[in-house]
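# Coordinate inspection notes
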Amino acid sequence: ESWDMPTPYGDSTFHTQNIIQFADDVRAATDGGLDITIHSAGSLFPHSEIKSAVRNRSVPIGEFFLSTLSNEDLAFGIDSQPFVATSYEDAAKLWEAQRPVITELLAEQGLMPLFSVPWPAQGLYTNGEIATVEDLNGLRFRAYNAALEEFAALAGAAPVQIEASDIPQAFATGQVAAMITSPSTGVNSTAWDFVTHYTPINAWVPKNIVVVNQRVFDGLDADTQAAVLDAAMTAQARGWEMSAAEATDMTAALAENGITVYEPSEELVTGLRAIGATMLETWNANASDSAKAVLEAYEN
Amino acid sequence: MNRFLQRLYDICGALAGGLILCICVLISAQIILNGFGRILPGALPSTIPSYADFSGYMLAGATFLALAHTLRSGGHIRVNLVISRFRPAVQVWFEAFALLISIGLIGYAAWFMASLVLESLHYGDVSTGIIPVSLWIPQSVAAFGIALLWVAVVHTLADLIRTRAPVLSTPDEV
Amino acid sequence: MSDPLIGLTLLGLLIALLACGVWVAVSLSLVGLAGLVFFSNAPSGLIIASTFWGHSHSWALTALPLFILMGEILLRSRMSDDMFTGLVPWLARAPGRLLHVNVFGCAIFAAVSGSSAATAATIGRMSVPELTKRGYPESLILGTLAGSATLGLLIPPSIILIVYGVATEQSIARLFIAGILPGLMLICLFAGYVAVRAWMNPTLIPPIDESFSFKQKIMASRRLLPVALLIGGVIGAIYGGLASPTDAAALGVVLASILAWASGSFSWALFGAAVMSATRTSCMIALILLGAAFLSVSMGFTGLPRNLAAWISDMGLSVTALLVVLTLFFVVLGCFLDGISVIVLTTSIIMPMITAVGIDPLWFGIYLVIVVEMSQITPPVGFNLFVIQGLTGIDILRIAKAAFPFFLLLLLGVVLITIFPQIVTVLPNMMSN
Ligand code: NA
Ligand code: NA
């Protein structure tokens, strides 16, 4: 058996590295019985098409950014809700609460989650230090989804839609002046070329997820199924460690390249958390029962 | 029938042109908002939500709706250097071959495009941006456009059979 | 069947289909379908549908119809005629005369647009009829246009550098800066070639008999004002932070319409004709892009490019030998796949090779773009050829023949940046200090 697996990110991203290792593990455990070929960097399907490609069995397995599904059900997007889970411990707890719910939601589409790995927590990139939420007032702020747009508005900043590829140019030309993203993305886009300050506000810890088509999976023999699930468990554990190491390394790399890395002030954290709380109210008002169930399980 | 179909292609082509203008208007509006954001921050909303998504869907609509119109006005390109060396009587057979093979492929694509629409409808797929858009809507425009292209190719084959003379090959022009 | 045999079979099929006069987009899709059906076990029908859909609504692509529309408006108003008339006194003594409009027009437009197809369409829409009317030789008109339009990829902004930057995690800002000097180098090579051809054969270029006083030159230059305003407005909006490169295309259309109306000689009827013509041209290009995307996905499933790249990787070559082999590999692949596909299908295998032998990935990005530029003008699959055939009706093989010297000049460009890597690296290095 050979599987083709589309993934959205490039080979040097730790997510892709982890998945390459996952494929090797499966190959080894099945003595080459199941051979997974990784097609990275969206070379097979654009990111937005990967889920439906797995669903209609164009490919048996694929990876995507979990909260892109939040328009389907807010349960998918809770990991991108600001200041709900801000540390790896909380993120792990959130994934525990999320997993049964989204397993059920994905099952309706014939998909089965295998494992999910977080990106490093999201920090704030600006020119100059941000001491309080008021400092964000009037700043042109990069927003790429509804939650960030709301966040920017609540912080008094002006949300601007910038596609990921346009980030450097948008900063260089003053189209935006602030963004929230992970330290990895900051390093990969050489953020020091266009911003001076970074603070790990750890706004949220979003995740990628690897899903497999249920019918294809069911068609495997029991040993191979076990090998895949086993490798998935290993990959999840390894991925979380890689992510934590990445967070430390990349934050250090930002500093090495001349970005001033500073701890967020008490005042800033308090202000941001207040915004987070307001946003969670809106979220609750729109959330489905399944999404509320996730939050409830997480908070208790 | 002939006139009705030609009319249909042209109307869809005009709609496609309209969509391109709509993209232009939408993006220009966003640029104006960007300008206002610079001069008078806060006076106007700073973004048109999901304008990149909407532009993309309008682009898809423009592309697919214009397919048949473009085909009938000879806009889709092909290499005719080789077959233009043959007598017209032989060219007819080449054209018949090209049309038949295209009917097969385009029919195949249209069929699966339709099944893609049904799948999106079945699962209630929505776009991932700030404003959720039901994907079956732009996708059905795409499926319709490909289906209409299929009709236009069949129509062209009918022309070929009726006239028994090349209908695709046009001499080089400058 | 072995990989090389599969590759040759699909190649043969593509050439046969194209030679029979099957539409380019249909030929590409059919070869993709054959690859999926015969050499992979993927469900081809669903894949053709999701590829056609998935690639039809990308944000980056929205600039294409808008830039084409801008070119159509310029063509139909007096502005394109004015631009050429305004340039005549300035280029009367230059060897090659108005042919340089193609080279420098494309170079300037490349600073606005990220794609080579949009550059060819917009500049070609104006320059081909004007130059033909003035009696310039067809082969040089087509060659300079096809060749110079590839600069759209190298001079920032550039879609392909973004794709490379995202796939390999290189800084897009640095890649953009790194593209500037090699871009200028290619402009010099192209303009130099035109000058040499004109100098070797003075009868080739139609003479401009009048001589112009300085005052006349200045007076004539007033006619350049609308076009200068247009270009200045669009570039200003991008670099002033009001518009992304895609946004700028819409601005270009609006400005061109306003200026066209202001210069008189424009009407709603002409505007409607411009819109419909732009709709057809962009529809033609988009359909070919969809066919090319499907062929590329099919190649991804069959694993052919990947296996070929892996085969090169196993040869254990030295830096120079590796670059020679890779250039050959990309030129061959570039004949049959579009540039972006070549990059996304092979980076997974190529990049580890590159880093292993110690080639700077930033330099390699620029190298790759120039190689991809070559693929834009090699038959049978070359997007500039398609665009120019769409504009002029001249067959792609004839255009490819006219563009061949420019293919060689691009190759020379690759050799130059290999010998003098500083051409690429000096600006980005200055940026980090
Ligand atoms: Na460019
Ligand atoms: Na080519």
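Residues numbered from 1 in each chain as written. Chains lettered and ligands numbered in written order. Predicted model: local features only at pLDDT ≥ 70, side-chain atom pairs only at ≥ 80, totals over all residues. Heavy atoms only, no water.

For chain C, an unreviewed UniProt entry supplies the name TRAP transporter large permease protein and the organism Flavimaricola marinus. Within the UniProt record for chain C, the comment given under Subunit (unreviewed entry) is "The complex comprises the extracytoplasmic solute receptor protein and the two transmembrane proteins." Regarding chain C, the UniProt comment filed under Function (unreviewed entry) reads as follows: "Part of the tripartite ATP-independent periplasmic (TRAP) transport system." (UniProt positions renumbered as here; feature names shortened; annotations may be inferred.)

### Description of the overall build of chain C
Tallying secondary structure elements over chain C gives 22 helices and 0 strands in all. By the compact-globule yardstick of 22 Å for 433 residues, chain C fits well, its C-alpha radius of gyration being 22 Å. Positive and negative side-chain charges of chain C, numbering 17 and 15 respectively, have mean locations separated by a distance of 13 Å. (Helix = DSSP H or I, 4+ residues; strand = E, 2+ residues; numbered from the N terminus. Rg over C-alpha atoms; globule rule 2.2 N^0.38 Å. Lys, Arg positive; Asp, Glu negative; His and termini not counted. Charge placed at Lys NZ, Arg CZ, Asp CG, Glu CD.)

### Concerning the coordination of the sodium ion (ligand 2)
Residues and elements named next belong to chain C. Taken together, the protein ligands of the sodium ion (ligand 2) are Gly334 (O), Ser375 (O), Thr378 (O), Thr378 (OG1) and Val381 (O), with distances of 2.2 to 2.6 Å. All donor residues of the sodium ion (ligand 2) come from one chain, and their arrangement in sequence is G-x40-S-x2-T-x2-V. Placement of the pair is Gly334 in helix H17 (residues 319-336) and Val381 in the loop between helix H19 (361-375) and helix H20 (383-392), with a sequence separation of 47 residues. Considered together, Gly334 and Val381 belong to a single accessibility category, that of buried residues. (Donors = N, O, S within 2.8 Å, 3.2 Å for Na, K, Ca; no water. Buried < 20%, exposed > 50% of the residue type's maximum accessible area, 1.4 Å probe, protein only.)

### Topic: the interface of chain A and chain B
Counting from both sides, the interface comprises 21 residues of chain A and, opposite them, 19 residues of chain B. Between chain A and chain B the total buried area reaches about 1600 Å² when both faces are included, carbon and sulfur atoms providing 44% of it. It is Arg55(A), Asn71(A) and Gln161(A) in chain A that bury the most area against chain B; as a group they hold 37% of the surface buried on that side. In this assembly, chain A and chain B are joined by 3 salt bridges. A salt bridge links Lys51(A) to Asp125(B); its shortest N-O distance comes to 3.8 Å. In this structure, the connection of chain A to chain B is made through 5 residue pairs in polar contact (both at pLDDT 80 or more). Where the side of chain A that touches chain B is concerned, the elements lending two or more residues are helix H2 (50-55), helix H5 (146-154) and strand E7 (158-160) of chain A. Looking at the side of chain A that touches chain B residue by residue, the class counts come to 4 nonpolar, 10 polar and 7 charged. (Contact = heavy atoms within 4.5 Å. Buried area = accessible area lost by both parts, 1.4 Å probe. Salt bridge = Lys/Arg side-chain N within 4 Å of Asp/Glu carboxyl O. Polar contact = N/O pair within 3.5 Å; in protein donor to acceptor, adjacent residues only side chain to side chain. Nonpolar A, V, L, I, M, F, W, Y, C, P; charged D, E, K, R; others polar.)

### Focus on empty space enclosed by the protein
As enumerated under the stated definition, the model contains 8 cavities of 30 Å³ or more in all. In this structure, the largest cavity spans a volume of roughly 90 Å³. Lining of the largest cavity is provided by Leu105(B), Ile106(B), Ala109(B), Ile146(B), Leu149(B), Ala25(C), Val26(C), Ser29(C), Phe52(C), Leu287(C) and Gly291(C). Breaking the lining of the largest cavity down by element, the ones donating at least two residues are helix H3 (88-123) and helix H4 (136-163) of chain B together with helix H2 (24-39) and helix H15 (268-302) of chain C. When grouped by side-chain class, the residues that make up the lining of the largest cavity number 9 nonpolar, 2 polar and no charged. Roughly 80 Å³ of volume is contained in the second largest cavity. Taken together, His39(A), Ser40(A), Ser43(A), Gly300(C), Arg306(C), Val344(C), Leu345(C), Ser348(C) and Ile349(C) make up the full set of residues lining the second largest cavity. (1 Å grid on protein atoms, 1.4 Å probe; cavity = no way out; pocket = protein on both sides within 12 Å on 5 of 7 lines; lining within 4 Å. Points joined across faces, edges and corners; volume = space filled by probe spheres on them.)

### Here we look at the interface of chain B and chain C
The partner chain C presents 62 residues to the 61 residues of chain B that form the contact. Contact with chain C buries area across many residues of chain B, yet Ile77(B), Val79(B) and Leu105(B) alone supply 14% of it, more than any other trio. Across the chain B-chain C interface, the total number found is 0 salt bridges. Taken together, the connections running from chain B to chain C amount to 10 residue pairs in polar contact (both at pLDDT 80 or more).

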